[in-house]
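# Coordinates in review
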Amino acid sequence: MSPAPDGAPAGAPVVGDASALADAPLAKDLIALTKPRIISLLLVTTVAPMYVAGTPSLLTVLIVMLGGYLMAGGANAVNMYIDRDIDDVMTRTKLRPIPSGRMHATAVLAFGVGLATAATWMLAVWVNVLTAALALAGFYFYVFIYTRWLKRSSPQNIVIGGAAGAFPPLVGWAAVAGRLDLTAWMLFLIVFYWTPPHFWALALNKQRDYGNAGVPMAPLVWGEDETIAQMWWYTVLLVGLTVLPVAWNAFAWVYLASALILGGLLLWGVWRVKQAAPDARAKPSWWVYGYSLLYLALLYLAMAVDRRVLA
Amino acid sequence: MLSTLATILFWSAVLAVIVGQVGILRSTQRAWRRSALPVPFVERVFAWGPALVLVAVLYLAWGHATRPPIIEIQVDPTSREIRL
């Protein structure tokens, strides 16, 4: 761990001074280990289903958000511990706390496990055991199935591994309903089928990085054209899935209109990647990567709004 | 029971799901055919597993969409009023 500037001990900001905390290198590194930008989307897909499943109290929402952040943050920290060897060779990741030498790998592992343990405890005690079990299952899936096994062994790593990112809707739903039904599993499947076109849009632009690290991402193993073809078919399937719950009145017109408009834009974006010449794919694929984040957030917000409007 | 609009929506969604899944499987098999190495069994499971799950989900979705509507009756023991 590196000391703070001017020789003060790391992580010793002035009490009550938020800006000092943000400037402290250790605090910044600990926050960076949790990958807060990625977690913000996970929290949307956790909280929105809570309002679809019922009418949660503000306290329950806050506890689930905190528990969800800690669990996902713990998973991300353990991911950085496991991937410390390849993070060093990828430009996108070599400034992370471990490869840059600012934090010791064992400390990062302890931090990640500690966060996950705290999250499991608080969700089990203050929400319910099913919620805690689902959140913990997401943690294990991400750490062992995706990071430890699939990421370095299969071009379908993010297809199957994408299930880890699909646990948050189940967590949110279980926190309110105490059980899971078909609509909850549809929300899981929507994230599951959203993940491949989202991540492959990034992978198309980061092939050299993944190649250097020996990660068999689809564009490297199957080729760009086949990966883009799959992105297209995954998006077609995804749009169909998003419409399906309307058939059993899980959602109404607010959600339906949102799903069709947002899905239509995503299809258009992937179609542009498909039609682009090989040397002109960077711009449309970056657009798909960015828009797909917005797509998922807005789709889940539309679910909650739809339920609230109907209520 | 499905209304006409719900029926159209349901079957349109099912069509998109099936077309998408078939497209994914065909694309995956094209990629395998081009590969010089044999395809591990687990890769086949990764490709076909989600497809089989989808079949089950579509079956359950049909059951959900066509079940009779549930009418909740709230009875307040302190009043003689029954609200539907």
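Figured I'd write up the structure that's included with this text. Treat the numbers as computed from the prediction; the structure is a model and nothing was measured.

## Notes on the pattern of salt bridges
Per the counting criterion, the structure on display carries nine salt bridges over all chains. Of the charged contacts in the structure, one is a salt bridge between A:Glu224 and A:Arg281, with a shortest N-O distance of 2.7 Å. Of this pair, A:Glu224 sits in helix H13 (residues 224-243) while A:Arg281 sits in the loop between helix H14 (253-275) and helix H15 (282-310), placing them 57 residues apart in sequence. Taking the relative accessible area as the measure of exposure, A:Glu224 reaches 25% and is therefore partly exposed. Across the salt bridge formed by A:Glu226 and B:Arg34, the nearest N and O atoms sit 2.5 Å from each other. Taken together, the residues A:Glu226 in helix H13 and B:Arg34 in helix H1 (residues 4-34) connect one chain to another. The network of salt bridges with shared partners includes A:Asp83, A:Asp85, A:Lys151 and A:Arg152.

## Considering the environment of A:Leu150
On the secondary structure map, A:Leu150 appears in helix H7 (residues 129-150). Overall, the relative accessible area of 0% leaves A:Leu150 in the buried class. For A:Leu150 and A:Ala105, which are 45 residues apart along the polypeptide, the C-alpha to C-alpha distance reads 22 Å. Beyond its immediate sequence surroundings of up to four residues, A:Leu150 is in contact with A:Ile145, A:Asn157, A:Ile160, A:Gly161 and B:Phe46.

## Let's talk about the interface of chain B and chain A
As a measure of interface size, the accessible area lost when the parts come together is often cited. Contacts between chain B and chain A engage 31 residues on the former and 28 residues on the latter. Note on chain B versus chain A: buried area summed over both sides is about 2,500 Å², and carbon and sulfur give 74% of it. The largest contributions to the chain B side of the interface with chain A come from B:Leu9, B:Ile24 and B:Phe46, which together make up 23% of the buried area. On inspection of chain B and its partner chain A, the count reaches nine residue pairs in polar contact (both at pLDDT 80 or more). Secondary-structure elements contributing two or more residues to the side of chain B that touches chain A are H1 and helix H2 (41-66) of chain B. Looking at side-chain class alone, the side of chain B that touches chain A contains 22 nonpolar, six polar and three charged residues.

## Some points on empty space enclosed by the protein
This structure, assessed with the given rule, holds one cavity of 30 Å³ or more. Lining the largest cavity are A:Gln156, A:Val159, A:Tyr193, A:Gln230, A:Tyr234, B:Gln21, B:Ile24, B:Thr28, B:Phe46, B:Ala47 and B:Pro50. At the level of elements, H13 of chain A together with H1 and H2 of chain B are the ones that each hand at least two residues to the lining of the largest cavity. Looking at the lining of the largest cavity residue by residue, the classes come out as seven nonpolar, four polar and no charged.

## Topic: the packing of aromatic side chains
Residue and element names in this part refer to chain A. A complete count under the given rule lists 21 aromatic pairs over all chains for this structure. Residues Phe-141 and Phe-167 carry aromatic rings whose centres are separated by 6.2 Å and whose planes lie at 45° to one another, so their mutual orientation is tilted. With Phe-141 in helix H7 and Phe-167 in helix H9 (residues 167-177), this residue pair connects regions lying 26 residues apart in the sequence. Using a relative accessible area of 14% as the deciding quantity, one classes Phe-167 as buried. Three or more aromatic residues link up through ring pairs in this structure, and these residues are Phe-192, Tyr-193, Trp-200, Trp-222 and Tyr-234. A cation over an aromatic ring shows up here: Arg-272 above the ring of Trp-287, its NZ or CZ 5.9 Å from the ring centre.

Cut-off values and rules
- Sequence order sets the numbering: in each chain, residues are counted from 1 along the sequence as written.
- The lettering of chains begins at A and the numbering of ligands begins at 1, in the order of writing.
- Whole-chain, interface and lining totals are the exception, using all residues; otherwise, since this is a predicted model, local features are given only for residues with pLDDT of at least 70 and side-chain atom pairs are given and counted only at 80 or more.
- Side-chain measures here rest on the full set of heavy atoms in the structure, leaving out hydrogens and waters.
- Here, a salt bridge means any Lys or Arg side-chain nitrogen found within 4 Å of an Asp or Glu carboxyl oxygen.
- Helix and strand definitions follow DSSP, with helices as H or I runs of at least four residues and strands as E runs of at least two, each counted in order from the N terminus.
- Here's how the labels work: a residue is buried when its accessible area is under 20% of the maximum for its type, exposed when over 50%, partly exposed in between, all with a 1.4 Å probe on protein chains only.
- The contact criterion used throughout is that any non-hydrogen atoms of two residues lie within 4.5 Å.
- As used here, buried area is the combined drop in accessible area, with a 1.4 Å probe, of two parts when they are placed together.
- The definition of a polar contact used here is a pair of N or O atoms within 3.5 Å, where within protein one atom must be able to donate a hydrogen and the other to accept one, and adjacent residues in sequence count solely through side-chain atom pairs.
- Gly counts as polar in this scheme, as do all residues outside two lists: the nonpolar Ala, Val, Leu, Ile, Met, Phe, Trp, Tyr, Cys and Pro, and the charged Asp, Glu, Lys and Arg.
- The way it works is a 1 Å grid over only the protein atoms, where trapped points that fit a 1.4 Å probe form a cavity and open points with protein on both sides within 12 Å along at least five of seven lines form a pocket, and then any residue with an atom within 4 Å of a point lines it.
- Grid points are joined across faces, edges and corners, and a volume is the space filled by probe spheres set on the points.
- Pairing of aromatic side chains here covers Phe, Tyr and the six-membered ring of Trp, requires ring centres within 6.5 Å, and sorts the geometry by plane angle: under 30 degrees stacked, over 60 edge-to-face, intermediate tilted.
- Should the NZ of a Lys or the CZ of an Arg lie within 6 Å of a ring centre and within 35 degrees of the ring normal, that charge is described as sitting over the ring.

Coordinates in, geometry out; function isn't part of it.
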